[in-house]
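Structural features, examined
Listed here are the chains, written in short residue letters.
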Amino acid sequence: MSVYEHMFRRVLYPAYESGLRRRRTLAWLADYERDQWLAPEQILALQWERLQRLLQHCEQHVPWYRRRWRELGIAAADIRSLDDYARLPVLGKDEIREHFDEFKADGWHDRLLYKATGGSTGQPMRFGYTRESNERRTAVMWRGYDWAGARMGRRTLFVWGGAVGRPHPLHQLKERLYQAAFARRMLNSFHMTDANLGEYADAIDAYRPEVIVGYVGPLVRLAQWLLEQQRRVAQPVSVLGAAEALHDFQRELIERAFGCPAYNTYGCREVMLIASECEQRHGLHVNADHLVVELHGAAAAGASGEVLLTDLSNYGMPLLRYANGDMATASAETCPCGRGLPLLAHVDGRKLDAIRTPDGHLLPGEFFPHMLKDVPGLRRFQLVQRRLDRLELALVCDDRFDDASMAYIRHELAKVVGDSVALDCRIVDDIPLTPSGKLRVTVSALAAPPA
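The rules behind the values
Residues numbered from 1 in each chain as written. Predicted model: local features only at pLDDT ≥ 70, side-chain atom pairs only at ≥ 80, totals over all residues. Heavy atoms only, no water. Helix = DSSP H or I, 4+ residues; strand = E, 2+ residues; numbered from the N terminus. Buried < 20%, exposed > 50% of the residue type's maximum accessible area, 1.4 Å probe, protein only. Contact = heavy atoms within 4.5 Å. Axes fitted to C-alpha atoms, helices over the stretch in contact; angles between N-to-C directions. Parallel < 35°, antiparallel > 145°, perpendicular 65-115°, else oblique. Left-handed = near helix turned anticlockwise from the far one by under 90°. Nonpolar A, V, L, I, M, F, W, Y, C, P; charged D, E, K, R; others polar. Patch = residues over 30% accessible without salt bridge, like charges linked within 9 Å, V, L, I, M, F, W, Y side chains within 5 Å. Areas by Shrake-Rupley, 256 points an atom, 1.4 Å probe, with all protein chains shown as cover. Salt bridge = Lys/Arg side-chain N within 4 Å of Asp/Glu carboxyl O. Pairing = 2+ DSSP bridges. Phe/Tyr/Trp six-rings, centres within 6.5 Å; stacked < 30°, edge-to-face > 60°. Lys NZ or Arg CZ within 6 Å of the ring centre and 35° of its normal.

The name given to the chain in an unreviewed UniProt entry is Phenylacetate--CoA ligase family protein, with Dyella agri as the source organism.

This is the structure:
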């Protein structure tokens, strides 16, 4: 542990988080670090106790559940097990958007924090959460990242999506200072092209990070380039993949290129970190002491199911059995690490295709959910590439979508790909799902590029 990392963990971060910001993140982290070593049945009992409290709260204080459960003849007292809980209706994005205010708990309307997400399913949505749930999410993130060696205060380089639009210079300065304090360096993956991959390698050598965190697609492309060029960069302790499933062949490429273990993580903006690999990399540990994660429709052991999420600490806008649009497969095995948290074998969703341009630009599929999440009136979208010089964007909109929304989309895309690619936008009534029930956000119908 470096001197700065020790100082950050013991002095700077507690002074900032617990002192200046008056947040309980570190207290929650201590609790979660203790709870992870409980036996599986103890974690299930803890999860069930927290879920029961949340159900009672929803029945008493959340208008949507009060009304809907009364219509269905459901009472919180009737839900006596997770099997009973699994009979409650699945909650989708459309329902949340249409009844947004009804999901806010009594007395919480003016105290909620908000985020927006486009997610990997292409359905932008706004959601509210409480200060405590945000602190707990941050604590769970630190716990999961720590398993892969990404400890707080450790020199970390992010190959991540940059800001969309034009942030104010003061905001940019504050962001740089904040990241510097956390010993982080940010590289914008949306600017990655075939021609500038060397600059990303140079940045790694200049910063010499102990950990690299990034979108899987850009990490794999950079790893391929490093191997092709026989270029060695400063070797980190670990690489963490995010935003897409990390497949075995991709893991092998990353590990050969960077000379260290690669770890898979799984999360979404609605709840942050859902599951992540520990040092054993025997599957992804589900944060079952913080969330209820169900795999709806998984017909048998080893089958893929629809991910349903319940944040056990978000009392301000509780979303019970929320379908985030992803698919995953559970594991029946026990991890050798000794943690009692259950395992996912793998995440099956989020297979976003990268978009290519005539001048060698490689734009990760994550760019489009990132760019489109805040466009007013946009309900769903899908981008298809059949030619190098043309993109087809299908949009499902409501009456808030206007000419300014369309102009914003064209402007932000042009900033990244220039005028080498034409954008054909069509407003449609619906977008068909894949046979597995997924909406693919970005679809590349191009032949694979030459090796």
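**A short note on the environment of L362**
Relative to the elements of secondary structure, L362 occurs in strand β15 (residues 362-363). Here L362 falls in the buried class, since its relative accessible area comes to 17%. Considered as a pair, L362 and A150 are 212 residues apart in the sequence and their alpha carbons are 27 Å apart. Not counting residues within four places of it along the chain, the set of residues in contact with L362 comprises M192, T193, R221, A354, I355 and R356.

**So, the packing of helix α2 (residues 25-35) against helix α7 (residues 131-147)**
The contact between α2 and α7 brings their axes to 8 Å, and the two run at 50°. The orientation of α2 with respect to α7, classified from their angle, is oblique. Here α2 and α7 pass one another in a crossing that is right-handed. Every residue of α7 that contacts α2 at T25, W28, L29, Y32 and E33 is listed here: E132, E135, R136, T138, A139, V140, W142 and R143. Here the residues of the contact of α2 with α7 sort into six nonpolar, two polar and five charged.

**Structural notes on a nonpolar patch on the surface**
On the surface, a cluster of nonpolar side chains totalling about 440 Å² of accessible area is made up of V3, Y4, M7, V11 and L12. One can find L12 in helix α1 (residues 3-20).

**Re the sheet that holds strand β19 (residues 442-444)**
Strand order in the open sheet made by the four strands is β18-β17-β16-β19, with mixed pairing throughout. This sheet does not close on itself; its edge strands, each paired only once, are β18 (422-427) and β19. Direction aside, neighbouring strands of the sheet carry axes that sit 15° apart on average. Pairing analysis gives seven bridges linking strand β16 (residues 378-387) to strand β17 (residues 390-397), with the strands arranged antiparallel. Note on β17: the bridge partner recorded for R380 is V396.

**Some remarks on the pairing of strand β12 (residues 322-331)**
When you tally the buried positions in β12, you get nine out of 10 residues, the bulk of the element. Direction of pairing for strand β11 (residues 304-311) relative to β12: antiparallel, over a ladder of five bridges. By the bridge assignment, G305 is partnered in β12 with A328. Bridge analysis of β12 against strand β13 (residues 343-347) gives four bridges, and the strand direction is antiparallel.

**What about unusual backbone geometry?**
With a phi angle near 55°, Q230 is a residue other than glycine that sits in the positive phi range. Within the fold, Q230 resides in the loop between α10 (216-229) and β6 (238-242). The phi dihedral of R281 is positive, around 50°, even though this residue is not glycine. Note that R281 resides in the loop between β8 (272-277) and β9 (284-286).

**Focus: the packing of aromatic side chains**
The description of an aromatic ring pair uses the distance of the two centres, along with the angle that the planes make with each other. Counted by the stated rule, this structure contains 16 aromatic pairs. Measuring from ring centre to ring centre gives 5.8 Å for Y65 and F103, while their planes differ by 80°; the resulting arrangement is edge-to-face. With Y65 in helix α4 (residues 63-72) and F103 in the loop between α6 (93-98) and β1 (113-117), this pair connects stretches of sequence that are 38 residues apart. F103 gets classed as buried once you look at its relative accessible area, which sits at 0%. Considering the side-chain rings of Y178 and F182, the 4.7 Å spacing of their centres and the 40° angle between planes classify their relative orientation as tilted. Given the relative accessible area of 34%, Y178 is considered partly exposed. A residue is classified by how much of its surface remains accessible, and F182, at 6% relative accessible area, is buried. Across from the ring centre of W28, 4.2 Å away, lies the NZ or CZ of R24, which sits over that ring.

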